[in-house]
Amino acid sequence: MTPISSLDVARYMGNWYELAKFPNRFQKQCVSDTRAQYNAQPDGTVQVINRCRQANGEMTQAVGVARQIGEKNSPKLQVRFAPAWLSFIPAVWGDYWVIDIDPAYQLVAVSEPKREYLWILSRVSKADPAAYEALLGRLTRMGFDLNRLEVSKQGD
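Looking now at the packing of aromatic side chains. Where two aromatic rings form a pair, the distance of their centres and the angle of their planes describe that pair. Counted by the stated rule, this structure contains eight aromatic pairs. Here the aromatic residues Tyr12, Trp16, Tyr38 and Tyr96 are joined through ring pairs into a cluster of three or more. Here arginine 148 stacks its cationic end above the ring of phenylalanine 22, 4.0 Å away from the centre of that ring.

Another aspect to go through is the nonpolar core. Counting residues in each nonpolar core, the largest one holds 21 residues, and the members touching the most others are Tyr12, Tyr38 and Tyr96. Elements supplying a minimum of two residues to this core: helix H1 (9-12), strand S2 (30-40), strand S3 (46-54), strand S5 (76-80), strand S6 (93-101), strand S7 (107-111) and strand S8 (118-122). Looking at which element gives the most residues to this core, the answer is S6, with three residues.

On to the pattern of salt bridges. Counted by the stated rule, this structure contains four salt bridges. Glutamate 18 serves as the salt-bridge partner of lysine 21, at 3.6 Å between the closest nitrogen and oxygen. Both residues of the pair, lysine 21 and glutamate 18, count as buried. Between aspartate 100 and arginine 138 there is a salt bridge whose closest N-O contact spans 2.7 Å. Taken as a pair, aspartate 100 in strand S6 and arginine 138 in helix H2 (residues 129-141) lie far apart in primary sequence, 38 residues in all.

The next point concerns unusual backbone geometry. We note that aspartate 33 has phi near 55°; this positive angle belongs to a residue other than glycine. Topologically, aspartate 33 is positioned in strand S2. Residue class for aspartate 33 comes out buried when judged on its relative accessible area of 6%. One non-glycine residue, tyrosine 105, lies in positive phi territory at about 55°. Within the element layout of this structure, tyrosine 105 appears in the loop between S6 and S7. Relative accessible area serves as the criterion here: at 8%, tyrosine 105 is assigned to the buried category.

Cut-offs and rules
- Residues numbered from 1 in each chain as written.
- Predicted model: local features only at pLDDT ≥ 70, side-chain atom pairs only at ≥ 80, totals over all residues.
- Heavy atoms only, no water.
- Phe/Tyr/Trp six-rings, centres within 6.5 Å; stacked < 30°, edge-to-face > 60°.
- Lys NZ or Arg CZ within 6 Å of the ring centre and 35° of its normal.
- Core = buried A, V, L, I, M, F, W, Y, C linked by side-chain atoms within 4.5 Å.
- Buried < 20%, exposed > 50% of the residue type's maximum accessible area, 1.4 Å probe, protein only.
- Helix = DSSP H or I, 4+ residues; strand = E, 2+ residues; numbered from the N terminus.
- Salt bridge = Lys/Arg side-chain N within 4 Å of Asp/Glu carboxyl O.

Next comes the structure, spelled out in structure tokens:
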């Protein structure tokens, strides 16, 4: 797995809509309106707020922290949703690698070295179809099994 060559973390901050993902255990309760919000923190970390709508109509959220691994422009991050006092345990940190992003920072694919997880995020709830299809083509060439991809519902 090769991430992008460079990530401008400041440009990455803000709100993202989940367009699609590989199903995973920690998002099983989410049925629609899945979004991520990234906020730069004074200590150089990133606050991560993931929200989604559950089957009962209620919104739920998970708040975590991300840290960049390596140089200032590294596209490799690690994310933790466990309590801060557990942050010394390596297993509570998950890899979050930006593997594809458009020049305008509007459409992104995120995964990790084992390719078990994949998220496609967009600044808008419905991405440009041509840009989305082009991204899917690049993901296929990277070796992702897109038969596993689950489209996320956005209610707007």
